[in-house]
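# Examining the three-dimensional arrangement
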Amino acid sequence: MKPKILVTGGTGYIGSHMVVSLIEAGYEPIIFDNFSNSKRSVIGRIEQITGHKPKLIEGDIRNEKELSRVFEKYQISSVINFAGRKAVGESEVDPLLYFSYNVEGTIVLLRVMKKFGVKEFIFSSSATVYGDPGYDEFDEETPLSPINNYGQSKWMVEEILRKLYKAEPDWSIAILRYFNPVGAHPSGLIGEDPSGIPANLMPFISQVAVGRREKLRVFGNDYDTRDGTGARDYIHVLDLVDGHLAVLKAMNHKPQLLTLNLGTGNNTTVLELVHAFEKASGKTIPYEICARRPGDKNACWTNPNKAKKVIGWQAKRDINDMCIDTWRWQQKNPNGYPD
Ligand code: NAD
Ligand code: UD1
């Protein structure tokens, strides 16, 4: 029998790619999503790619009854928790919403897991938990100091997981700190579909390329980087989900608390990404230099050694792959998923 993996947030950007990879790797993903930031048409796309329609339960991870029903019905082996909200600006305007979705939601999920004796859990954290330690290359020992409510919510869940593991060391828990996920499935059928104006760089660039936005605003060109614009560790979403598969294999229900950065170890500036996207798409990306965005750091990337050593994983795809796949998705779906 195929191991059943509950994927909360499985119709979202990273979750949908995870579901495809789980199916291809011989698992049975069960999606649990409240569609607060995703579209139902994702399911048909996953079926088109894999030839398999994943099971889907509509519900909110903060609802203990809805979640319990899933665990009653299916013998879940492990849980990957992508469900949550991720917009930094929104988290500053509505902290209660963020702590409810991200912290309360995860507590309810962990409580239900415990009730049903399911103790393997993978959590989507973020490099944002590091804040600005005064240097640019972050390893897993870099001190944690998140500077916004979104980052705080991730840090709080991490703390809860560390305390849970201390009190109940039979859990198998992975905290994965993602750097900057970008890219899309090479089929062009699934990808990132932000609602409203994209807050992040890659979706903004691709919407300019496709003609949905007039020009990119580059937030600052006076940083201490190769060309003065901010540098980040962009990671292809397929490499990211491969990392999760490697984590699942390495965990294998052995009691542990594993904390890993998932990034490439490289960094790319805003203007380097603009030029790479222009090359991949054959489009010109008009841009203007604007003031720095408050809270932004000049540069950050991961030291990828721990992931390589502990789970034998490293990212394979480069910036060109990330731009080509993003562009294919954007071109095929200029307005994102159909409603
Ligand atoms: P996303 O918004 O595309 O996906 C999240 C999914 O969870 C959506 O389908 C949404 O409908 C669902 N969801 C949200 N709240 C829910 C709830 N209470 N109950 C059930 N379903 C719920 O986001 P994503 O980019 O796929 O990110 C997935 C996870 O990874 C998030 O936790 C995010 O914070 C984390 N993360 C993302 C990034 C990034 O840049 N994309 C970086 C670091 C960490
Ligand atoms: C953002 C989030 C971070 C989250 C991460 C996930 C903020 C403040 N931080 O980080 O919490 O974990 O995404 O991927 O939102 N840029 C522009 N113009 C734009 C958009 C971005 O110049 O329109 C620049 C930024 O200044 C930065 C770089 O592009 O230098 C990347 O920005 P973004 O994609 O928002 O990612 P992060 O800032 O790393």
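Higher on the page you've got the structure.
Notes on the structure follow. Bear in mind that the values here come from a model prediction, so they are computed numbers and not experimental data. Throughout, a residue's number is its position along its own chain's written sequence, starting from 1. In the order they appear in the text, chains get letters beginning with A and ligands get numbers beginning with 1. It should be noted that, the model being predicted, local features are given only for residues of pLDDT at least 70 and side-chain atom pairs only at 80 or more, the latter also being counted only at that level, while totals for whole chains, interfaces and linings use all residues. With hydrogens and water stripped out, all remaining heavy atoms of the structure feed into the side-chain values.

Moving on to the side chain of Thr-302. Every helix listed is a DSSP run of H or I at least four residues long, and every strand listed is a run of E at least two residues long, numbered separately from the N terminus. When you line up the elements, Thr-302 lands in strand 15 (residues 301-302). A polar contact of 3.5 Å, which involves the side chain of Thr-302, links it to the backbone oxygen of Phe-138. Side chain to side chain, Thr-302 and Asn-261 meet in a polar contact 3.1 Å long. Contacts are assigned to residue pairs that have any heavy atoms within 4.5 Å of one another. Non-local contacts of Thr-302, meaning those with residues more than four positions away in its chain, are made with Glu-137, Phe-138, Phe-179, Asp-233, Asn-261, Gly-263, Thr-264 and Gly-265. Polar contacts, as counted here, are pairs of nitrogen or oxygen atoms within 3.5 Å of one another; within protein the pair requires one atom able to donate a hydrogen and one able to accept it, and residues that are adjacent in sequence qualify only if both atoms are side-chain atoms.

Attention now goes to the site of ligand 2. Around ligand 2 there are 19 residues in total, and Leu-201, Arg-217, Arg-232, Arg-293 and Asp-296 lie nearest to it. The side chain of Asn-200 places a nitrogen or oxygen atom 3.0 Å from an oxygen atom of ligand 2. A distance of 2.8 Å is found between an oxygen atom of ligand 2 and a backbone nitrogen or oxygen belonging to Phe-219. When ligand 2 sits alone it has 740 Å² of accessible area, and the protein chains cover 87% of it. Considering each element in turn, the shell around ligand 2 owes the most residues, 4 residues, to strand 9 (residues 216-219). Class assignment for the residues of the shell around ligand 2 results in 10 nonpolar, 5 polar and 4 charged. Throughout, the term near means that a residue has one or more heavy atoms lying within 4 Å of the molecule or strand in question. Methods summary: accessible areas were calculated by the Shrake-Rupley approach with a probe of 1.4 Å, and residue burial reflects only the protein chains presented. Only Asp, Glu, Lys and Arg are considered charged, only Ala, Val, Leu, Ile, Met, Phe, Trp, Tyr, Cys and Pro nonpolar, and every remaining residue, Gly among them, polar.

Time to look at the packing of helix 7 (residues 201-209) against helix 9 (residues 270-281). To obtain an axis, a line is fitted to C-alpha atoms, over the contacting stretch when the element is a helix, and the angle between two such axes runs from 0 to 180 degrees between their N-to-C directions. At a minimum axis distance of 11 Å, the contact between helix 7 and helix 9 shows a crossing angle of 40°. By the angle between their axes, helix 7 is oblique relative to helix 9. Here the hand of the crossing between helix 7 and helix 9 comes out right-handed. Packed against helix 7, whose contacting residues are Leu-201, Met-202, Ile-205, Ser-206 and Ala-209, the element helix 9 presents Val-270, Leu-273, Val-274 and Phe-277 at the interface. Residues that form the contact of helix 7 with helix 9 fall into these classes: 8 nonpolar, 1 polar and no charged. What sets the label is the angle itself: under 35 degrees gives roughly parallel, over 145 gives roughly antiparallel, 65 to 115 gives roughly perpendicular, and the rest give oblique. Put simply, a crossing is left-handed when the front helix is turned counterclockwise from the back one by less than a right angle, and right-handed when it is turned clockwise.

Aromatic pairs are defined between Phe, Tyr and Trp rings, using the six-membered ring for Trp, whenever the two ring centres lie within 6.5 Å; interplanar angles under 30 degrees are classed as stacked, those over 60 as edge-to-face, and all others as tilted. As enumerated under the stated definition, the model contains 6 aromatic pairs in all. Consider the rings of Phe-277 and Trp-327, whose centres lie 5.9 Å apart with planes at 80°: the pair is edge-to-face. Of the two residues, Phe-277 is situated in helix 9 and Trp-327 in helix 11 (residues 319-332); the sequence distance between them amounts to 50 residues. The pair Phe-277 / Trp-327 is uniform in exposure class, with both members buried. An aromatic cluster is defined as three or more aromatic residues linked by ring pairs; in this entry it consists of Tyr-130, Tyr-135, Phe-138 and Phe-179. Geometrically, a charge over a ring is one whose NZ (Lys) or CZ (Arg) sits within 6 Å of the ring centre while staying within 35 degrees of the ring normal. The ring centre of Tyr-101 lies 4.9 Å from the NZ or CZ of Arg-85, which sits over that ring. Any residue under 20% of the maximum accessible area for its type is buried, any over 50% is exposed, and the rest in between are partly exposed; the area is computed with a 1.4 Å probe on protein chains only.

Another point: the site of ligand 1. Lining the immediate environment of ligand 1, one finds 26 residues, of which Ile-14, Asp-33, Asn-37, Lys-86 and Tyr-150 sit closest. At a separation of 3.1 Å, an oxygen atom of ligand 1 approaches a polar side-chain atom of Ser-38. The contact in question runs from an oxygen atom of ligand 1 to an N or O atom on the side chain of Lys-86, over 2.8 Å. With the chains in place, 95% of the 820 Å² that ligand 1 exposes on its own is no longer accessible. For the shell around ligand 1, the secondary-structure elements that each account for two or more residues are helix 1 (13-24), strand 5 (120-126) and helix 6 (149-167).

Right, let's talk about the side chain of Thr-229 for a bit. Secondary-structure assignment places Thr-229 in the loop between strand 9 and strand 10 (231-232). Take Thr-229: its relative accessible area is 0%, and that puts it in the buried class. In this structure the side chain of Thr-229 is engaged in a polar contact, spanning 3.3 Å, whose partner is the backbone nitrogen of Leu-271. The residues contacting Thr-229, other than those within four sequence positions of it, are Val-218, Gly-220, Asn-221, Tyr-223, Thr-269, Val-270 and Leu-271.

Another point: unusual backbone geometry. Even without being a glycine, Asn-252 presents a positive backbone phi close to 45°. Of note, Asn-252 is situated in the loop between helix 8 (237-251) and strand 12 (256-262). Backbone geometry places His-253, a non-glycine residue, at a positive phi of 65°.

Nonpolar core, defined: a set of buried Ala, Val, Leu, Ile, Met, Phe, Trp, Tyr and Cys residues in which side-chain atoms within 4.5 Å join the residues together. The biggest cluster of nonpolar side chains holds 42 residues, and the ones touching the most others in it are Ile-14, Leu-22, Ile-122, Leu-176, Val-247 and Ile-311. Here this core takes 9 residues from helix 8, the largest share from any one element. Residues within four places of Ile-311 in sequence aside, it is in contact with Gly-243, Ala-246, Val-247, Ala-250, Leu-258, Leu-260 and Lys-306. Among the nonpolar cores identified, the runner-up in size contains 27 residues, and Phe-32, Ile-61, Val-118 and Leu-161 belong to it.

These results come straight from atomic positions and should not be treated as a statement about function.
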